[in-house]
Amino acid sequence: MRHSLIAGNWKMNASLAANEAWIKGFVQASKTQGIEFEGGPQIMLCVPAPYWLQMSELIRKSSLPIVVGAQNVNEHDKGAFTGEVSVPMMAEMNLRSVILGHSERRQWFGETDELISQKVVKVLSSNLTPIVCVGESLSDREGLKTFEVIKHQVDALLSKIEPSDLERLVVAYEPIWAIGTGLTATPEQAQEVHAFIRQELLAKGPLGYKTRILYGGSMNPSNARALLSMTDIDGGLIGGASLVPEDFLKIVSSAIA
Ligand code: PEP
């Protein structure tokens, strides 16, 4: 049984005041919606680095079962890499996880499968969990290249890790055409790709059965339950809707059986 994970990706959206309001809103909504977190999914918020400590402190004070994660990391531990942040720094700040290879990083920052794999290996050498994003573009899908593209991205990653790492690895299937567009893969379309990723993971080793595969791409309170009910969809990576505490909570509650 895989423990489902609902992770918010705030991207470059946050401020001290907005974060405080988010936590208040989430606490209030969980009272109004009567949500019992016990036995529910693991909940994570991947927030911009300047707010890690503030968010950890706000979460601690409100006793919410939420962990804080990052959105990217450098592949080195320390050194002359101006503007970068390392895994040991994240570990010292008690972060639990980091998103790697998000399509925005691939597109705007030129991240390659090779670089992303180096980051994954570095993260796996710590106690943090890597959430590795893969996904095809609209032209890939229209050109019937979805499985070829996904296979390339997943195999590049799997070639660099050990079969024993599969248990800790999290993969996020995020079709690029669905990110921030309001277009969502249907539950069947998503499941088809998740099942394919599962096969690739199992070809690496039997622990691939334990790898969590999240869906990301315009997940919202209306489509979450149907997506999360699919066999190989073990949770969600949520951008826009994670900025609205009431919506994020509704997605969390969709993952509660
Ligand atoms: C994301 O950026 O990881 C994402 C899934 O965004 P959205 O939910 O806004 O499509």
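Residues numbered from 1 in each chain as written. Predicted model: local features only at pLDDT ≥ 70, side-chain atom pairs only at ≥ 80, totals over all residues. Heavy atoms only, no water.

### Concerning the environment of Ser4
Test applied: Secondary structure elements follow DSSP: runs of H or I no shorter than four residues count as helices, runs of E no shorter than two count as strands, and numbering proceeds from the N terminus. Only heavy atoms enter the contact rule, under which two residues are in contact if any of them lie within 4.5 Å.
Mapped onto the secondary structure, Ser4 falls in the segment before strand E1 (5-9). Between the C-alpha atom of Ser4 and that of Gly79, which follows or precedes it by 75 residues, the distance is 36 Å. Excluding residues that lie within four positions of it along the chain, Ser4 makes contacts with Pro41, Gln42, Arg212, Asp234 and Ala255.

### Brief notes about the packing of aromatic side chains
What counts, and what does not: Stacked, tilted and edge-to-face are the three classes assigned to paired rings of Phe, Tyr and Trp, where Trp is represented by its six-membered ring and a pair needs centres within 6.5 Å; plane angles under 30 degrees give stacked, over 60 edge-to-face, the rest tilted. Partly exposed residues are those whose accessible area sits between 20% and 50% of the maximum for their type, while under 20% is buried and over 50% is exposed, using a 1.4 Å probe and protein chains only. For a ring to carry a charge above it, either NZ of a lysine or CZ of an arginine must fall within 6 Å of the ring centroid while also lying within 35 degrees of the normal to the ring plane.
A full pass over the atoms with the stated rule returns seven aromatic pairs. Ring plane angle 10° and centroid distance 4.9 Å describe the contact between Trp22 and Phe26, whose orientation is recorded as stacked. Here Trp22 and its partner Phe26 are both found in helix H1 (residues 16-32), four residues apart, which amounts to about one turn of the helix. Note on accessibility: Trp22 and Phe26 belong to one class, buried. Taken together, the ring pairs connect Trp10, Trp22, Phe26, Phe37 and Phe248 into an aromatic cluster. Sitting above the plane of the Tyr209 ring, Arg2 keeps its charged end 5.2 Å from the centroid. In this structure, Arg105 is placed above the aromatic ring of Phe109, and the distance from its NZ or CZ to the ring centre is 4.0 Å.

### Regarding the side chain of Asn223
The condition that has to hold: Between N or O atoms, a polar contact is any pair within 3.5 Å; within protein, one atom must be a potential hydrogen donor and the other a potential acceptor, and residues adjacent in sequence are included only when both atoms are from side chains.
Mapped onto the elements of the fold, Asn223 is located in the loop between strand E7 (212-216) and helix H9 (224-228). The exposure class of Asn223 is buried, given its relative accessible area of 15%. At 3.0 Å, the side chain of Asn223 forms a polar contact with the backbone oxygen of Ser218. Contacts of Asn223, omitting those with residues within four sequence positions, involve Thr184 and Ser218.

### Focus: the pattern of salt bridges
Put simply, the rule is: By definition, a salt bridge exists where a carboxyl oxygen of Asp or Glu is found within 4 Å of a side-chain nitrogen of Lys or Arg.
All told, the structure shown has 15 salt bridges when counted by the stated rule. For Glu57, the salt bridge goes to Arg60, with nearest N and O atoms at 2.6 Å. Of this pair, Glu57 and Arg60 both sit in helix H2 (residues 52-61), three residues apart, roughly one helical turn. Take Arg60: its relative accessible area is 54%, and that puts it in the exposed class. A salt bridge links Asp232 to Arg198; the nearest nitrogen and oxygen atoms lie 2.9 Å apart.

### Details of the state of the cysteines
How we decide: Cysteine sulfur atoms are paired as a disulfide whenever they fall within 2.5 Å.
Taken as a whole and assessed by the stated rule, the structure comprises zero disulfides. Left without a disulfide partner, Cys46 is nearest to the cysteine sulfur of Cys133, which lies 9.2 Å away. The exposure class assigned to Cys46 is buried, which follows from its relative accessible area of 0%.

### Details of the sheet that holds strand E3 (residues 66-70)
What counts here: Two strands pair if DSSP finds at least two bridges between them. Axis definition: a line fitted to C-alpha atoms, over the contacting stretch in the case of helices. Angles run 0 to 180 degrees between N-to-C directions.
Sheet architecture is closed into a barrel: eight strands sit in the order E1-E2-E3-E4-E5-E6-E7-E8, paired in parallel fashion. Averaged over all neighbouring strand pairs, the angle between strand axes comes to 25°, with direction disregarded. Both strand E4 (residues 97-100) and strand E5 (residues 129-134) contribute to a ladder of four bridges, which runs parallel. Across the sheet, residue Ser97 finds its bridge partner in E5, namely Thr129. Its contacts with the sheet put helix H7 (residues 146-158) on E5 and strand E6 (170-173), and the angle it makes with E5 is roughly 155°.

### Brief notes about the site of the ligand
Heads up, the rule is: Whether a residue is near a molecule or strand is decided by its heavy atoms; if any one of them lies within 4 Å of it, the residue is near. Accessible surface area values rest on a Shrake-Rupley calculation with a 1.4 Å probe, where residue burial reflects the displayed protein chains alone. Each residue gets one of three labels, nonpolar for Ala, Val, Leu, Ile, Met, Phe, Trp, Tyr, Cys and Pro, charged for Asp, Glu, Lys and Arg, and polar for the others, Gly among them.
Near the ligand, the surroundings consist of 14 residues, among which Lys11, His102, Glu174, Gly180 and Ser218 are the closest. Gly239 is positioned with one of its backbone polar atoms (N or O) 2.8 Å from an oxygen atom of the ligand. At 2.8 Å, a backbone N or O of Gly240 approaches an oxygen atom of the ligand. Calculation on the ligand without its partners gives an accessible area of 290 Å², and the protein chains cover 96% of this total. Split into classes, the residues belonging to the shell around the ligand amount to four nonpolar, eight polar and two charged.

### Focus on the environment of Gly101
Along the chain, the position of Gly101 falls in the loop between E4 and helix H4 (103-108). By relative accessible area, which is 3% here, Gly101 ends up buried. Each C-alpha atom, one on Gly101 and one on Asp113, is 7.8 Å from the other, the two residues being 12 residues apart in sequence. Apart from residues lying up to four places away in sequence, Gly101 is in contact with Arg106, Glu111, Ile116 and Cys133.

Nothing here speaks to function; it is geometry throughout.
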